[in-house]
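Structural characterization, general
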Amino acid sequence: MAKAIQLRVWQKEALAKLEARERPDFLAVATPGAGKTTFALTAVRRALVARQVRRAVIVVPTQHLKHQWAIAAEKFDIYLDPAWSASDGALPSDMHGIAVTYQQVAANPKALRHLVRGAFVVLDEIHHAADSRSWGDSVRHAFEPAWLRLCMSGTPFRSDQSTIPFIRYVGDEAEADYEYGYGDALDDRRVVRPVYFPRINGRMEWTSPDGIAYAATFEDPLGRTLSSQRLRTALDLDGDWLPAVLTKAHRQVLHLRQQDPWAAGMVIAMDQDHARGIGRMLKECLGVHAAIATSDDPHASRRIADFAEGRDPWIVAVRMVSEGVDIPRLRVGVYATNTVTDLFFRQAVGRLVRMSGSLRRQFAYMFIPDDVRLRRFAFGIAEQRRHSLRKTDAKDEGRVEVQAEWKDDLATEAAHYEDGEQLSLFAPISAVALDETGQPYEAGNLDIDASPDSAGDIPDLVSDDVSSLAAPPLPVMERELTADVPTPAPEPSPAPALSPRNRRRKLREDNSARVRTLVHLTGKGHADVNWELNRRVGIRRVTEATVAQLERRLLAADRWLQKLI
């Protein structure tokens, strides 16, 4: 291993249970930010070193997570190909495995079934196997021959849609072989941040699909359908509720940046158009450039990675950042989506919990509509936080208990329209954020409603009576570069060595460029030139070549070119 990996206590316990298992299936449920990836890669490495397996297959929900896992695996000297496809043929002998999405599995389970025979399979966020019946069937067919199936999730889940392959159930609840919750992580300190939930009320007006006009605040009791319409109205881009909440959340980011210059915020939007509209809103109302990450953008993974390493204050996404993505500098969130399920809510909140840097006091804030369903989800998380912090914080003893209505079991958690509702006839009219007195929000006077979490309960929540905030301090390096005294230009540093994954990608790109040149100079077709270069190196296809073989193929192409020039 390139460097020693310090395992947390829960990771050691889970690893011991995994290695003592009696079945080829193991479900580990660990709160976001706890280190599930480190746990899984440690287990994979130990199995590879012991020669219990020769291959590893990582299955994830999104394209971006394939690359995130591949990068993390390199720290363990494990080399995964995130660009693998079913048409690539055999895996190069210098690769330990591949990273694929659940969608890829559903598209061609047969190709994976052949590859995973006797392999170590990690099914990350395994609940995605229940997204459709065909996905679950594909996962079962593809991974039945595996030596071990390590299933993981960031939060407990139910069989609300369909039973998930390789999971044991007690009633409707998935039974974990090892569970490490948010409260456990808070107890252990320095693992996750405490998250607080400022709730914003509002008065909404809309016309339902049947043509009836409605007006209600979040305090008014409504049925499922009207509650969903009220929430959509609040989140409408043309209303006043969303700009008010974004303003409040942005002030919180600026406030945090006085101590943590890289602190950032995240908005979870309803859909791609909504995400882009929020990006425009941040620009026009607050003068803030926001990174936009949507699934239809081929460069979304690059945008997320750049945001994670950069200093932009905001990122707006639909689902690409709500699950699994590791951006420790996120400390403020705005829940601006009408997806209302406990699982999705917890996954979104999980983006804010990961500790970063050396600051001892790190709090996170998820601004939410004051919808009764979201209150209930927030209360479940807040109670774990309070139980943990109460041990060392006497002030917690006086906290207000949740209202009984928040514990009511709703008929459903879904906020999507069902039963043939005609969305085209639904029309938001207005949405206004309200302060604690029920008056319309005015700039500099947006208060937060009662627990969880009230303004009095939330530590370090910026007050709206501050008319302006100082710009966040620059990091030391940037302060030096912008000082009046000229700073000598630094000596150029050598280019960092490419990782095996990036070196393989670069060699494939260089080989493709040489082939195009040879096609132009020789008049031969691409297939003929590729066949000749493969013959000279002794490989069947480029996708099966090791790094060494790609280097020899590039050298063969250069020698061929030298004879032609």
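The model shown is predicted, which means the values in this text are computed figures rather than measured ones.

A few words on the pairing of strand β14 (residues 290-293). Sheet topology places β14 next to strand β15 (residues 314-317); four bridges connect them, and they run parallel. What sits directly across from alanine 293, in β15, is alanine 317. At this point the chain moves from β14, through helix α11 (residues 300-309), to the parallel β15, and the crossover so formed is right-handed.

A full pass over the atoms with the stated rule returns 23 salt bridges. Here arginine 168 ties to aspartate 177 by a salt bridge, and the two come within 2.6 Å at their closest N and O atoms. Of the charged contacts, one joins arginine 346 and aspartate 342 as a salt bridge, the two residues approaching to 3.2 Å between their closest N and O atoms. Linking arginine 346 with aspartate 342, this pair stays in helix α12 (residues 342-349), spanning four residues, or about one helical turn. Look at arginine 346 and you get partly exposed, because its relative accessible area is 22%. Salt bridges sharing partners connect three or more residues here, namely Arg23, Asp25 and Arg149.

Time to look at the packing of aromatic side chains. Per the counting criterion, the structure on display carries twelve aromatic pairs. With a centroid separation of 5.7 Å and an interplanar angle of 50°, the aromatic rings of tryptophan 10 and phenylalanine 39 are classed as tilted. Of the two residues, tryptophan 10 sits in helix α1 (residues 9-19) while phenylalanine 39 sits in helix α2 (residues 36-49), which places them 29 residues apart along the sequence. Each member of the pair, tryptophan 10 together with phenylalanine 39, is buried. Ring centres of phenylalanine 218 and tryptophan 241 lie 6.4 Å apart, and the angle between their planes is 70°; on these two criteria the pair is classed as edge-to-face.

Right, let's talk about the sheet that holds strand β5 (residues 120-123) for a bit. Strand order in this open sheet of seven strands is β3-β4-β2-β5-β6-β1-β9, and the pairing throughout is parallel. Of all the strands in the sheet, the pair left with one neighbour each is β3 (80-81) and β9 (178-180). The pairing of strand β1 (residues 25-30) with strand β6 (residues 148-153) spans five bridges and is classified as parallel. Within β6, the residue paired with valine 29 across the bridge is serine 153. Running at roughly 170° to β6, α2 makes contact with β1, β2 (56-60), β5 and β6 of the sheet.

The share of residues in the protein chain with pLDDT of 70 or more is 80%, and the mean pLDDT across the chain is 81. When pLDDT is averaged over each element of the protein chain, β5 comes out on top at 97 and helix α14 (residues 476-481) at the bottom at 34. The low-confidence segment residues 443-450, where pLDDT is below 50, has 30 contacts with residues more than four positions distant or belonging to other chains.

This next bit is on a negative patch on the surface. A grouping of Glu13, Glu179, Asp184 and Asp188 is seen on the molecular surface, where their side chains present a negatively charged patch. Among the structural elements, glutamate 179 can be located in strand β9.

Among the secondary structure elements, aspartate 177 is positioned in the loop between β8 (173-174) and β9. Take aspartate 177: its relative accessible area is 19%, and that puts it in the buried class. A polar atom in the side chain of aspartate 177 sits 2.7 Å from the backbone nitrogen of leucine 27. Here the side chain of aspartate 177 touches arginine 168 through a polar contact of 2.6 Å, side chain to side chain.

Quick notes on the rules
Residues numbered from 1 in each chain as written. Predicted model: local features only at pLDDT ≥ 70, side-chain atom pairs only at ≥ 80, totals over all residues. Heavy atoms only, no water. Pairing = 2+ DSSP bridges. Helix = DSSP H or I, 4+ residues; strand = E, 2+ residues; numbered from the N terminus. Right-handed = clockwise from strand over helix to strand, strands pointing away. Salt bridge = Lys/Arg side-chain N within 4 Å of Asp/Glu carboxyl O. Buried < 20%, exposed > 50% of the residue type's maximum accessible area, 1.4 Å probe, protein only. Phe/Tyr/Trp six-rings, centres within 6.5 Å; stacked < 30°, edge-to-face > 60°. Contact = heavy atoms within 4.5 Å. Axes fitted to C-alpha atoms, helices over the stretch in contact; angles between N-to-C directions. pLDDT = per-residue confidence, 0-100. Patch = residues over 30% accessible without salt bridge, like charges linked within 9 Å, V, L, I, M, F, W, Y side chains within 5 Å. Areas by Shrake-Rupley, 256 points an atom, 1.4 Å probe, with all protein chains shown as cover. Lys, Arg positive; Asp, Glu negative; His and termini not counted. Charge placed at Lys NZ, Arg CZ, Asp CG, Glu CD. Polar contact = N/O pair within 3.5 Å; in protein donor to acceptor, adjacent residues only side chain to side chain.

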